[in-house]
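# Working through the structure, step by step
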Amino acid sequence: MKYQVFDMDRAHKNLITFFPVATQRQLAINREQIRGKPYERYFDDELWVHDAVMPALRAPIDPAHALQLTPLSLNTLLDPGYHAAETGYCELADGSGYTSSLVPFPGCTGDMLKWWFWWHAVEPARYTLWYPHNHIRAVPRDPEILTRPGLSDEARFLGTTHDVDEYIGPECLPISIEFIHPAALGMDTSRFQEAGIVAHACARVRLRKPNLSACTMLHLARRTEDGFELRSRYFIAHHTDLRVFGRTLSLEPFA
């Protein structure tokens, strides 16, 4: 998908001025849906891309800079410093996809991120705040947990599954997001405090129609001097299986 951008030199960021027609229509629907809500003022349909991100949009990264979905590789995210490709995308040798991003959150805390990951699923309009053009709804399969007394913010989403409708480019996809603990991916959570990890949101993502594995995603919020930075990794179609009639059928090719 190609984007037309307008360069804002003084602000060192670029305003995206073109979106697929389907998502332009969804923006209008979302704007009406959120009208009158107490959080309507946070609905901002301007999408900005910082200058530092622009090279990552123009060409894929070297696949050698992609992480592998293994404990050894993932735990390098707990080392000091940065990876060679914090933001970018590429196709791997096996045909799967990889995406990474680094987003600064000045003035924010890990507790804010933990709160957001359950709060946005209370009603569909809230999910549109995340991406007004592309997000439609996030519906938890156990909505009662969102308001159950005595739970921490993390406990309200960790271990739950959200059925989500959103656009990926021009295509609307029905997906399910199963939030998992990073330890389930082999991450050494005993290192989180020393590494400055103040929040996390990891998940396995499936298409709902058909019930097909699609992606594993990992979000780690790392403390900075003025807030935190969100380091994200997406492993797309790294493993494929189909769930049908109560069974899980692997679609991986035979060796």
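Conventions we followed
Residues numbered from 1 in each chain as written. Predicted model: local features only at pLDDT ≥ 70, side-chain atom pairs only at ≥ 80, totals over all residues. Heavy atoms only, no water. Helix = DSSP H or I, 4+ residues; strand = E, 2+ residues; numbered from the N terminus. Rg over C-alpha atoms; globule rule 2.2 N^0.38 Å. Buried < 20%, exposed > 50% of the residue type's maximum accessible area, 1.4 Å probe, protein only. Areas by Shrake-Rupley, 256 points an atom, 1.4 Å probe, with all protein chains shown as cover. Lys, Arg positive; Asp, Glu negative; His and termini not counted. Charge placed at Lys NZ, Arg CZ, Asp CG, Glu CD. Polar contact = N/O pair within 3.5 Å; in protein donor to acceptor, adjacent residues only side chain to side chain. Phe/Tyr/Trp six-rings, centres within 6.5 Å; stacked < 30°, edge-to-face > 60°. Lys NZ or Arg CZ within 6 Å of the ring centre and 35° of its normal. Contact = heavy atoms within 4.5 Å. Salt bridge = Lys/Arg side-chain N within 4 Å of Asp/Glu carboxyl O. Core = buried A, V, L, I, M, F, W, Y, C linked by side-chain atoms within 4.5 Å. 1 Å grid on protein atoms, 1.4 Å probe; cavity = no way out; pocket = protein on both sides within 12 Å on 5 of 7 lines; lining within 4 Å. Points joined across faces, edges and corners; volume = space filled by probe spheres on them. Nonpolar A, V, L, I, M, F, W, Y, C, P; charged D, E, K, R; others polar.

## Re the overall build of the protein chain
Looking only at helices and strands, the protein chain has six helices and 13 strands in total. Expected size for 255 residues packed as a compact globule is a radius of gyration near 18 Å; at 19 Å, the protein chain falls within 12% of this value. Counting only C-alpha atoms and orienting by the principal axes, one finds that the protein chain spans roughly 50 × 45 × 40 Å. Buried residues in the protein chain amount to 41% of all 255 residues. Here the protein chain has roughly 14300 Å² of accessible surface; of this, 57% comes from carbon and sulfur atoms. In the protein chain, 26 side chains carry a positive charge and 31 a negative one; their mean positions are 5 Å apart.

## Regarding the environment of Glu-32
The residue Glu-32 is located in helix H1 (residues 21–34) in this model. Note: C-alpha distance between Glu-32 and Ala-125 (93 residues apart in sequence) is 9.4 Å. Among the polar contacts made by the side chain of Glu-32, one reaches the side chain of Arg-35 at a distance of 2.6 Å.

## Quick look at the packing of aromatic side chains
Following the criterion strictly, the structure yields 11 aromatic pairs and no others. With centroids separated by 5.3 Å and ring planes inclined at 75°, the aromatic side chains of Tyr-39 and Trp-119 adopt a geometry described as edge-to-face. Within this pair, whereas Tyr-39 is found in the loop between H1 and strand E3 (48–50), its partner Trp-119 is found in helix H4 (residues 110–119), the two being separated by 80 residues in sequence. Neither residue differs from the other here; Tyr-39 and Trp-119 are each classed as buried. The interplanar angle of 75° and the centroid separation of 5.4 Å between the aromatic rings of Phe-157 and Phe-179 together place this pair among those described as edge-to-face. In this pair, Phe-157 is assigned in the loop between strand E6 (135–140) and strand E7 (161–168) and Phe-179 in strand E8 (residues 171–180), connecting sequence segments 22 residues apart. You can call Phe-157 buried: its relative accessible area is 1%. Taken together, the ring pairs connect Tyr-39, Trp-115, Trp-116, Phe-117, Trp-119, Tyr-127, Trp-130, Phe-157 and Phe-179 into an aromatic cluster. Geometry around Tyr-82 places Arg-222 over its ring, the cationic atom sitting 4.8 Å from the centre.

## Quick look at H4
Each turn of an α-helix holds 3.6 residues, which means side chains three or four residues apart point in the same direction. Listed in full, the buried residues belonging to H4 are Gly-110, Leu-113, Trp-116, Phe-117, Trp-118 and Trp-119. Buried residues along H4 sit against helix H5 (124–128), E7, E8, strand E9 (197–207), strand E10 (212–224) and strand E11 (227–236).

## A closer look at the pattern of salt bridges
Tallied over the full model, the rule gives 14 salt bridges. Close ionic contact of Arg-35 with Glu-32 constitutes a salt bridge, the shortest N to O distance being 2.6 Å.

## Details of the nonpolar core
Grouped together as the largest cluster of nonpolar side chains are 32 residues, with contacts concentrated most on Leu-113, Phe-117, Leu-129, Ile-177, Phe-179 and Ala-221. Looking at this core, the elements with two or more residues in it are H1, H4, H5, E8, E9, E10 and E11. Within the second largest apolar cluster, 19 residues are counted, among which are Leu-77, Tyr-98, Met-187 and Leu-220.

## Remarks on the environment of Phe-245
As for its position among the elements, Phe-245 is in the loop between strand E12 (241–244) and strand E13 (247–250). Looking at Phe-245, the relative accessible area reads 81%, which means it is exposed. Between the C-alpha atoms of Phe-245 and Thr-161, which are 84 residues apart in sequence, the distance is 20 Å.

## Re the layout of surface pockets
It is a probe the size of a water molecule, rolled over the atoms, that shows where empty space is left. What the second largest pocket holds in volume is close to 160 Å³. Looking at the second largest pocket, the residues that line it are Glu-178, Arg-204, Val-205, Arg-206, Ser-213, Ala-214, Cys-215, Thr-216, His-238, His-239, Asp-241 and Arg-243. For the lining of the second largest pocket, the secondary structure elements donating two or more residues are E9, E10 and E12. When residues in the lining of the second largest pocket are grouped by element, the largest group, four residues, is from E10. Looking at the lining of the second largest pocket residue by residue, the classes come out as three nonpolar, four polar and five charged.

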